[in-house]
Amino acid sequence: MPDISVAELSKDLRNAIAGLETSEGLEKVGIVVRVGDGVAWVCGLRDASYNEMLQIETPSGVVEAFALNLMEDEIGAVLLGSDSLVSAGNTVRLRGAVLSVPVGPELLGRVVDPLGRPLDGGAPIKTKQTGLVEREAVGVMGRKSVHEPLMTGIVAIDSMFPIGRGQRELIIGDRQTGKTALTIDTMINQAKQNTGVVNIYVAIGQKSSKIARLIERLKKEDVMKQTIVVATSPSDPASLLYIAPYAATAMGEYFRDNNQHALIIYDDLTKHAVAYRQMSLLLRRPPGREAYPGDVFYLHSRLLERSAKLSEALGGGSLTALPIIETQAGDISAYIPTNVISITDGQIFLETDLFYQGIRPAISAGLSVSRVGGAAQTKAVKSVSGNLKLGLSQFRELASFAQFGSDLDESTRNQIERGQRLTELLKQSQYQPASIWEQVASIYAVTNGLFDKVSSRKIKDVQAAMLSHLSAERSKEMAEINKGDKPTEEQLKIIKKAATHAAKGFEEA
Amino acid sequence: MVVRLSRQKLSKYYADSLMNGADAKKLAGQMAAYLIETKRTKELSMLVSDIEYQMSLKGVVIANVTSAHTLDEIAKTALIDLIHRNTDATKIRLTEHLDPSVLGGVKLEFTDTELDTTIAKRLITLKTNYKK
């Protein structure tokens, strides 16, 4: 074997690299031809590639942009800063790199903009790594089917529409129906249950006051330390709103690729599509349905495809996505809602009518579905919530018919009364996610008729009494159930006893 | 009606014609007439830059060098050598411009490429970094 000196090898390599680097400080440049509405048209830069970063040299400093429209004579670039600084004739330089953002654990607990710049007034963020904003999703062989539960702490979701790690579950509904509240509770639950899941919340064009309230709440619940908030407000340029979810996904992918689990919430993709429509129209791209460009489906499909459960060979990490879509007057057949419904692995539909009837979370049992989460449902919850969804759907149908007459046979009346109790049970206050054992005990008590003699109005009281009794007297057994395994006969007997005992105090005369 | 052609096509036609020995004055007259007819006279400077690019593909590079003070022959030769190393140019024409606003250093421009070592550029970079 020849004698190889590492020092010489290193020197040879350095010389070879120096020999190949022929740029000698030369840069590719172009000229801004026209600018306006956050878009600059640049002449020259024939080597620019799609999504490549550009630097526009203005008298007040450098403004960054990225190339989106590559045409024969000029390129359309979307500005990441204010267009008031840029004017025709400014020199544009190719940065030779596509857009990337800082990624890593240093971002935890911070509020940043889509470029990773701090917005919370804290110290500058220095990460060891950066991640590409636009990146190809993991291939088929790099994935594994969703099989681990991601507990939201919301009884209705965990029992009827379970979400697994790596799943994309859409939260859809009209304005003011509790979409964001649902996701905040899910984030809080990750901290309360010590799941180790990192939360990433992306506010796309959300009011700054709403983001401030959310951050305050996350701090209060001690969730912020495992959360990254990527915030954009309606006053930000459309380009920032456009890259926000991609940048946040890059931040989430860091945890996914490092054998960790992350949850990303896109609040909301309707505003994201609107920002993209604005950019596309300004870039003179032909409008299609509802004036959205032809590639609006690809806009969201390529984003959500990056959320995945990785195979064991790749470390088994996961990125779970909860995109939010706002509908108009409950119309889920509009363009963007149908697109995202077809991309995701299920949807939680929130109904305005239910919300105003006081049923909160206002989850529609009929229109909601989880296509892959069944395999990931906690065995403990699965064992007690078998026919819950069917029963609830049947109850809502029966209840609407029952409004027309009072002569109902006993079995129908019982079914309606059981449904009413179930509906009451599934009501849940905000910021109070339930642990596994609380869910198991509550569902078991109602579905097994242990609260049948209690009026539906008092269900929450009897539930609270039962849970506080179990928590105080049987904490060891409940901790066992909390591990997620199917409850033993012995454990179910304990729940039955506690439920019967609690119900006695609330029975109607 | 005159067909609207892209600048790339126009510049390629112009460069090809020049290289094939066409009468430069006649060619310029034809191009001017076309630009007036299609109301594209504002694109003139961009068209010139496109023609320069097309010429560079054929080995003819027209370079501009801007400095605060007159350059000596050694500096000019170094710049020509630099262009030779980075292009397939067989013929290089270097035009010198004096501009005190660059403060110091040189700015070399040729076909979409730039080498800016001026103090003015460094000050802009400093300004941006300071803002960040």
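Residues numbered from 1 in each chain as written. Chains lettered and ligands numbered in written order. Predicted model: local features only at pLDDT ≥ 70, side-chain atom pairs only at ≥ 80, totals over all residues. Heavy atoms only, no water.

## A short note on the overall build of chain A
- Along chain A, the regular secondary structure elements total 16 helices and 16 strands.
- In terms of overall dimensions, chain A has a C-alpha envelope of 90 × 65 × 40 Å along the principal axes.
- Relative to its 509 residues, chain A shows a buried fraction of 53%.
- Working note: accessible area of chain A is about 22,600 Å², and carbon and sulfur atoms make up 51% of it.
- Positive and negative side-chain charges of chain A, numbering 57 and 59 respectively, have mean locations separated by a distance of 5 Å. (Helix = DSSP H or I, 4+ residues; strand = E, 2+ residues; numbered from the N terminus. Buried < 20%, exposed > 50% of the residue type's maximum accessible area, 1.4 Å probe, protein only. Areas by Shrake-Rupley, 256 points an atom, 1.4 Å probe, with all protein chains shown as cover. Lys, Arg positive; Asp, Glu negative; His and termini not counted. Charge placed at Lys NZ, Arg CZ, Asp CG, Glu CD.)

## Some points on the packing of aromatic side chains
- This structure, assessed with the given rule, holds 6 aromatic pairs over all chains.
- A cation over a ring is seen here: Arg-360 of chain A above Phe-355 of chain A, with NZ or CZ 4.1 Å from the ring centre. (Phe/Tyr/Trp six-rings, centres within 6.5 Å; stacked < 30°, edge-to-face > 60°. Lys NZ or Arg CZ within 6 Å of the ring centre and 35° of its normal.)

## A look at the domain arrangement of chain B
Residues and elements named next belong to chain B.
- Taken domain by domain, chain B comprises domain 1 (1–58) and domain 2 (59–132).
- The straight-line distance from the C-alpha centre of domain 1 to that of domain 2 is 26 Å.
- Each partner contributes to the roughly 610 Å² buried at the junction of domain 1 and domain 2, and carbon and sulfur atoms together form 58% of this total.
- Broken down residue by residue, the surface that domain 1 buries against domain 2 is led by Glu-52, Met-55 and Ser-56, which jointly contribute 66%.
- There are 0 salt bridges connecting domain 1 and domain 2.
- Linking domain 1 with domain 2 are 4 residue pairs in polar contact (both at pLDDT 80 or more).
- Among the elements that take part in the side of domain 1 that touches domain 2, helix α3 (residues 44–57) stands out by supplying 5 residues, more than any other.
- Partitioned by chemical class, the residues of the side of domain 1 that touches domain 2 number 4 nonpolar, 1 polar and 2 charged. (Domains from an automatic or database assignment. Buried area = accessible area lost by both parts, 1.4 Å probe. Salt bridge = Lys/Arg side-chain N within 4 Å of Asp/Glu carboxyl O. Polar contact = N/O pair within 3.5 Å; in protein donor to acceptor, adjacent residues only side chain to side chain. Nonpolar A, V, L, I, M, F, W, Y, C, P; charged D, E, K, R; others polar.)

## Thoughts on the pairing of strand β5 (residues 74–79) of chain A
Residue and element names in this part refer to chain A.
- Within β5, 6 of the 6 residues are buried, which leaves it mostly tucked inside the rest of the structure.
- Burial of β5 is two-sided: the residues Glu-74, Gly-76 and Val-78 facing one way and the residues Ile-75, Ala-77 and Leu-79 facing the other way are all buried.
- Taken together, the 5 bridges between strand β4 (residues 61–70) and β5 define a ladder with antiparallel strand orientation. Paired with Ala-65 across the strands is Leu-79, a residue of β5.
- Between β4 and β5, which pair antiparallel one after the other, the connecting turn spans 3 residues. (Pairing = 2+ DSSP bridges.)

## Describing the sheet that holds strand β10 (residues 170–173) of chain A
Residues and elements named next belong to chain A.
- Taking strand neighbours across the sheet as the criterion, the 8 strands line up as β8-β12-β11-β13-β14-β10-β15-β16 in an open arrangement whose pairing is mixed. Every interior strand has two partners, whereas the edge strands, β8 (111–112) and β16 (369–370), have only one.
- Of the strand pairs in this sheet, β8 and strand β12 (residues 227–231) are connected by 2 bridges, and their pairing is parallel. Note that in β12 the partner of Val-112 across the bridge is Val-230.

## Concerning the domain arrangement of chain A
All names here are of chain A.
- When its domains are assigned, chain A resolves into domain 1 (26–97), domain 2 (102–377) and domain 3 (387–505).
- Buried surface at the junction of domain 1 and domain 2, summed over both partners, amounts to about 1,100 Å²; 65% is from carbon and sulfur atoms.
- Three residues stand out in domain 1 for area buried against domain 2, namely Leu-68, Asn-69 and Leu-80, and they jointly supply 38% of the buried area on that side.
- Summed over the shared surface of domain 1 and domain 2, the number is 0 salt bridges.
- In this assembly, domain 1 and domain 2 are joined by 4 residue pairs in polar contact (both at pLDDT 80 or more).
- Breaking the side of domain 1 that touches domain 2 down by element, the ones donating at least two residues are β2 (39–44), β4 and β5.

## Topic: the nonpolar core
Residue and element names in this part refer to chain A.
- Formed by 72 residues in total, the largest nonpolar core has its most connected members in Val-229, Phe-451, Met-466, Leu-470 and Ile-495.
- The greatest single-element share of this core, amounting to 8 residues, is contributed by helix α13 (residues 436–447).
- If you count residues domain by domain, this core takes at least three from each of domain 2 (102–377) and domain 3 (387–505).
- Apart from the residues lying within four places of it in its own chain, the contact partners of Ile-495 are Val-440, Ala-441, Tyr-444, Leu-470, Met-478 and Ile-481.
- Core analysis: the next-biggest nonpolar cluster, separate from the first, contains 59 residues, Phe-66, Ile-200, Leu-269 and Ile-341 among them. (Core = buried A, V, L, I, M, F, W, Y, C linked by side-chain atoms within 4.5 Å. Contact = heavy atoms within 4.5 Å.)

## Regarding the interface of chain A and chain B
- Listed per partner, the contact involves 23 residues of chain A and 22 residues of chain B.
- When the two sides are added together, the surface that chain A and chain B hide from each other amounts to roughly 2,100 Å², 43% of it contributed by carbon and sulfur.
- Between Glu-114 of chain B and Arg-93 of chain A there is a salt bridge, and its shortest N-O distance comes to 2.6 Å.
- Our count for the contact surface shared by chain A and chain B stands at 11 residue pairs in polar contact (both at pLDDT 80 or more).
- Those elements that provide at least two residues to the side of chain A that touches chain B are β1 (27–36), β2, β3 (52–58), β4 and β6 (91–98) of chain A.
- The class makeup of the residues in the side of chain A that touches chain B is 7 nonpolar, 8 polar and 8 charged.

## Looking at the environment of Thr-113 of chain B
- Along the chain, Thr-113 of chain B falls in strand β4 (residues 113–116).
- With relative accessibility at 8%, the residue Thr-113 of chain B sits in the buried group.
- Residues Thr-113 of chain B and Arg-85 of chain B, spaced 28 residues apart in sequence, show a C-alpha to C-alpha distance of 13 Å.
- Within polar-contact distance, the side chain of Thr-113 of chain B engages the side chain of Lys-28 of chain A at 3.1 Å.

## Remarks on the pattern of salt bridges
- Following the criterion strictly, the structure yields 42 salt bridges over all chains and no others.
- The closest approach of N and O atoms between Asp-50 of chain B and Arg-46 of chain A, which form a salt bridge, is 2.2 Å. With Asp-50 of chain B in helix α3 and Arg-46 of chain A in the loop between β2 and β3, this residue pair bridges two chains.
- By relative accessible area, Asp-50 of chain B is classed as buried at 5%.
- By relative accessible area, which is 31% here, Arg-46 of chain A ends up partly exposed.
- With a closest N to O distance of 2.7 Å, Arg-217 of chain A and Glu-221 of chain A form a salt bridge.

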